[in-house]
Amino acid sequence: MPIMDPETRPEIARLPTQPISSQDRYEIPDNFLEIEVVNPTTHGLAGRRYTDYEVRMKTNLPVFRLKDCSVRRRYSDFDWLRKELERDSKILVPILPGKAWEKQIPAFLRSDDGIFDDDFIEDRRRGLEEFINKVAGHPLAQNERALHVFLQEEKIDHNTYYPGKMRNS
């Protein structure tokens, strides 16, 4: 079999390449979206305790109004987002970490702090971070108003929220 010469067969010739400098290799990528769920904090006493989490977002995607923001969210807020996306979007929404019903039995019957146990809170934090990164990483979900409200509004106002798509402005 004869060897093909790229000069006689231009359709198989390699595209010219340019060397990449070390500065270019470590620049911020053209498009990025980073979301962390951090700093779980438990509030309240006795039967009125709850844990919320700081959700930090950094991005350069044009669809997001804020490029660097941080909000506090409870598990119920993540559940609200999941339900909104299931109802209004065309994506398969990942599951949330479980509600852990066995951890919610009365304190005198348990040997730990239940849903306020540090190990449980850390496991839930990891699960919530995995959930929000899967959701936000989906190109169709990035246009959903529910995701923008969840990531960028200080408080989710259920009375004024309306579902829909975001428009680039």
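Thresholds applied
Residues numbered from 1 in each chain as written. Predicted model: local features only at pLDDT ≥ 70, side-chain atom pairs only at ≥ 80, totals over all residues. Heavy atoms only, no water. UniProt positions renumbered as here; feature names shortened; annotations may be inferred. Axes fitted to C-alpha atoms, helices over the stretch in contact; angles between N-to-C directions. Helix = DSSP H or I, 4+ residues; strand = E, 2+ residues; numbered from the N terminus. Parallel < 35°, antiparallel > 145°, perpendicular 65-115°, else oblique. Left-handed = near helix turned anticlockwise from the far one by under 90°. Contact = heavy atoms within 4.5 Å. Nonpolar A, V, L, I, M, F, W, Y, C, P; charged D, E, K, R; others polar.

As recorded by an unreviewed UniProt entry, the chain carries the name Sorting nexin-3 and is attributed to Rotaria socialis. Listed in UniProt under the heading Sequence similarities (unreviewed entry), the comment for the chain reads: "Belongs to the sorting nexin family." UniProt lists a comment for the chain under the heading Function (unreviewed entry), and it reads "Required for retention of late Golgi membrane proteins. Component of the retrieval machinery that functions by direct interaction with the cytosolic tails of certain TGN membrane proteins during the sorting/budding process at the prevacuolar compartment. Binds phosphatidylinositol 3-phosphate (PtdIns(P3))."

1. Notes on the packing of helix H2 (residues 75-88) against helix H3 (residues 118-136)
H3 packs onto H2 with a crossing angle of 30° between their chain directions and a minimal axis gap of 12 Å. Our classification of the angle between H2 and H3 gives roughly parallel. Considering the relative orientation of H2 and H3, their crossing is left-handed. Residues Tyr75, Phe78, Leu81, Arg82 and Leu85 of H2 form the contact with H3, whose own contacting residues are Arg124, Leu128, Phe131, Ile132 and Val135. Residues that form the contact of H2 with H3 fall into these classes: eight nonpolar, no polar and two charged.

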